[in-house]
Amino acid sequence: MKVAVVGGGPIGLALALMLARENHEVHLFEKGSWPRDKACGQGLMPSGLKILEELDITFKEGEDCYSFQGVDYIDGPFNIHGILRRPGVGIERTVLSDRLVSKCRQNPLITLHEETTILGISNYPNQVELKWSNGKERFHYAFACDGLHSPLRKKLANRKVRTGEWRMGAREHFNVKPWSQNVEVYWQDGIEAYVTPVTNEKVEVAFLWFEDAISPNGPLKEALWQRFPELREKCPQKSAQGDFRGHGPFSTYAKDILKEKVFFVGDAYCFLDGITGEGLSLGLKGAQILAKNFTKWNWWHALVFRMHYFHYKAMVRLALGLSYNKRYRRLLFRLVQTAPKSFNMILRLNDF
Ligand SMILES: Cc1cc2nc3c(=O)[nH]c(=O)nc-3n(C[C@H](O)[C@H](O)[C@H](O)COP(=O)(O)OP(=O)(O)OC[C@H]3O[C@@H](n4cnc5c(N)ncnc54)[C@H](O)[C@@H]3O)c2cc1C
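Note that the structure is predicted; figures quoted are calculated from it, not measured.

Conventions used here
Residues numbered from 1 in each chain as written. Predicted model: local features only at pLDDT ≥ 70, side-chain atom pairs only at ≥ 80, totals over all residues. Heavy atoms only, no water. Helix = DSSP H or I, 4+ residues; strand = E, 2+ residues; numbered from the N terminus. Rg over C-alpha atoms; globule rule 2.2 N^0.38 Å. Buried < 20%, exposed > 50% of the residue type's maximum accessible area, 1.4 Å probe, protein only. Contact = heavy atoms within 4.5 Å. Areas by Shrake-Rupley, 256 points an atom, 1.4 Å probe, with all protein chains shown as cover. Salt bridge = Lys/Arg side-chain N within 4 Å of Asp/Glu carboxyl O. 1 Å grid on protein atoms, 1.4 Å probe; cavity = no way out; pocket = protein on both sides within 12 Å on 5 of 7 lines; lining within 4 Å. Points joined across faces, edges and corners; volume = space filled by probe spheres on them. Nonpolar A, V, L, I, M, F, W, Y, C, P; charged D, E, K, R; others polar. Pairing = 2+ DSSP bridges. Axes fitted to C-alpha atoms, helices over the stretch in contact; angles between N-to-C directions.

A. The arrangement of the overall build of the protein in detail. Counting its regular elements, the protein contains ten helices and 19 strands. Taking 2.2 N^0.38 as the reference for a compact globule, 352 residues should give roughly 20 Å; the C-alpha atoms of the protein span a radius of gyration of 20 Å, in line with that estimate. On the principal axes, the C-alpha backbone points of the protein span a range of 60 × 45 × 40 Å. Counting the 352 residues in the protein, one finds 57% classified as buried. By sequence separation, contacts in the protein at least 24 residues apart represent 73% of the contacts at least 6 residues apart. Carbon and sulfur atoms form 53% of the exposed surface of the protein, whose accessible area is close to 15400 Å².

B. Broad picture of the pattern of salt bridges. Counted by the stated rule, this structure contains 20 salt bridges. Asp-273 is paired through a salt bridge with Arg-167; the nearest N and O atoms lie 2.6 Å apart. Of this pair, Asp-273 sits in the loop between strand 19 (262-264) and helix 7 (279-293) while Arg-167 sits in strand 12 (residues 167-174), and the two are 106 residues apart along the sequence. There is no split in this pair, since Asp-273 and Arg-167 are both buried.

C. Geometry of the layout of surface pockets. Approximately 320 Å³ is the volume attributed to the second largest pocket. Counting residues per element, the lining of the second largest pocket draws most heavily on helix 8 (residues 299-324), which supplies six residues. Residues of the lining of the second largest pocket, tallied by class, amount to six nonpolar, three polar and four charged.

D. Local environment of the sheet that holds strand 8 (residues 127-132). The three strands are arranged 7-8-9 in an open sheet whose pairing can be described as antiparallel. Looking at the sheet topology across the chains shown, the edges are occupied by strand 7 (120-124) and strand 9 (135-139). On average, adjacent strands in this sheet sit at an angle of 20° to one another, irrespective of strand direction. Inspection of the sheet shows strand 7 paired to strand 8 by five bridges, in the antiparallel sense. Paired with Ile-121 across the strands is Leu-130, a residue of strand 8.

In structure tokens:
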């Protein structure tokens with residue numbers, strides 16, 4: 001079949017490779033140029049890493065990425081450590097983008113349309129037509145991988161608004177040697193800082209916060225750092241790469257996986273929060289299910305697709321409760337300290 005992928009982020013690129021493996025002719029449209037950067041915690045959980053390995057995407061440990069063994073939660077005197085069943089990797093978004101796009105370029109079934117924004121979409125009985133500034137073309141199906149604020153989701157009236165307060169995110173890199181083999185999460189009320197080693201010489205710090213938890217009088221970056229003096233000492237401003245970048249709010253998601261002849265996947269389908277660190281893995285799993293089944297899509301495939309989001313939604317709710325409520329958070333951390341292995345089990349929920 002002739003199909004279109006709209007959006008050349010990691011999920012769109014990986015999906016293009018998966019669709020080509022199933023012998024489909026793929027046209028991928030990306031409004032920007034590669035490699036793409038984006039505010040992200042840059043931790044790829046083991047399940048997502050495994051999917052990339054199946055696509056023959058590999059990374060050089062230490063140079064391209066950094067293997068982490070688990071996750072530590074740190075809140076003042078409380079410190080809990082969780083170990084994953086298999087390591088995940090911290091990887092800069094541009095490196096990930098570069099590896100995926102190179103693989104797509106080598107594939108004769110994939111045509112990449114760089115700097116081509118999809119501006120319009122029309123549905124026909126067995127086809128969908130996409131329009132860009134100087135062209136239009138019809139496809140059997142299209143896949144919307146156009147991110148958190150998905151323009152296709154808007155155009156096809158496939159939106160739901162998330163309940164609860166909105167969250168925001170930002171990140172910055174530091175030329176500092178990783179001091180831990182784990183991803184570290186520093187908790188404060190309504191805001192967290194995530195430290196992910198991305199090479200042997202570099203770490204990334206990502207912040208996630210409730211919109212009302214930060215009311216900057218001056219620059220946002222300073223307001224965020226003021227909440228984490230302990231971490232600031234480990235990542236001094238002189239070592240910053242100067243690439244502070246924000247993203248959000250995480251406020252809308254898709255009602256339907258399939259609307260007319262368009263499937264939604266990655267953040268275009270659902271991104272509720274980065275707090276569980278599995279946006280990429282969820283998107284990759286969703287892409288895998290679509291690539292294998294879209295030609296014979298039925299209620300069962302839709303159920304399997306949605307099942308991947310059940311535990312994610314539950315975990316996001318639990319974790320946001322921890323973020324907001326210090327008493328609840330410290331009680332849970334204290335409980336986990338008495339039974340440390342329970343945290344391993346929680347972490348491994350996003351590893352299947
Ligand atoms: C602060 C923060 C921390 C996070 N931390 C983690 C983490 O540690 N681990 C993890 O797994 N996930 C994390 N995530 C989530 C992760 O970044 C996303 O799940 C992931 O980027 C989704 O990829 P995507 O390809 O669906 O969307 P995107 O990466 O957003 O790509 C969408 C692409 O579509 C293109 N596009 C948009 N509109 C059009 C159009 N009309 N025509 C053509 N192209 C278009 C855009 O240019 C873009 O390249 C985090 C997110 C945030 C905000």
